[in-house]
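Structural features, examined
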Amino acid sequence: MLRLAGLLADRVVAAAAVLLLLALLACVFLGVVFRLVNQPLAWSDEMAQYLMVWTAFVGWILAARRRSHIRIMVVIDKLPTPLRRAAEVLIQLAVAVLGVVLLSRSFGLVERNFDVEWVSLPLSAALVYVPMPVAGVAITAQALIEIAEVLAGARRRDFEAGAAP
């Protein structure tokens, strides 16, 4: 059941990434086209910036799930297995702490910006911070899963770029 939920979550996040990227491309394309005809869209730059922020958070979640973040393993690979596992646990603990900090701080950011409007559109500036709690939960959960795998001695597809969990 958990595996099915994980697969469903992976597909939802991947679909969100695709939709956000398409929206970002469309927004930038429209901005360029309307500038070419000397009728610039006042909202396109700001919308593109916010879509970029959302895309970055969704991409962070995807990269964490697929274990495709850049890792420099020169030192860790030379350690004996017990120390390598300990180092991996410490790394994932640091990532989990980052996720918890992101989660705990994000609600305040959303709240403080709720009544602030965008410069170009009558939308709440809190929208730019909405993906932060989601990313905080997802990153923390993924780090804890990886810690559990290391402690259980599960054989992992160690840090293959693009490897699915």
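On to helix α2 (residues 44–66), then. The end-to-end C-alpha distance of α2 is 32 Å, a good match for the 33 Å that 23 residues give at a rise of 1.5 Å each. Those residues of α2 that fall on the buried side of the exposure criterion are S44, E46, A48, Y50, L51, T55, F57, V58, I61, L62, A63 and A64. Elements that come into contact with the buried residues of α2 comprise α1 (2–36), α4 (81–112) and α5 (131–152). A positive phi of about 55° marks R67, the residue just after α2.

The angle between the axes and the distance between the axes are what describe a pair of packed helices. It is the contact of α4 with α5, at a shortest axis distance of 8 Å, that shows an interaxial angle of 160°. Relative to α5, the element α4 is oriented roughly antiparallel. Seen from above, α4 lies across α5 with left-handed handedness. Here the residues of the contact of α4 with α5 sort into 19 nonpolar, five polar and three charged.

Within the largest apolar cluster, eight residues are counted, these being A17, L20, L24, C27, A48, L51, V58 and L62. Secondary structure elements with two or more residues in this core: α1 and α2. Judged by nonpolar contacts, the second largest core, of seven residues, contains I61, A64, L102 and M132.

Cut-offs applied
Residues numbered from 1 in each chain as written. Predicted model: local features only at pLDDT ≥ 70, side-chain atom pairs only at ≥ 80, totals over all residues. Heavy atoms only, no water. Helix = DSSP H or I, 4+ residues; strand = E, 2+ residues; numbered from the N terminus. Expected span 1.5 Å × (residues − 1). Buried < 20%, exposed > 50% of the residue type's maximum accessible area, 1.4 Å probe, protein only. Contact = heavy atoms within 4.5 Å. Axes fitted to C-alpha atoms, helices over the stretch in contact; angles between N-to-C directions. Parallel < 35°, antiparallel > 145°, perpendicular 65-115°, else oblique. Left-handed = near helix turned anticlockwise from the far one by under 90°. Nonpolar A, V, L, I, M, F, W, Y, C, P; charged D, E, K, R; others polar. Core = buried A, V, L, I, M, F, W, Y, C linked by side-chain atoms within 4.5 Å.

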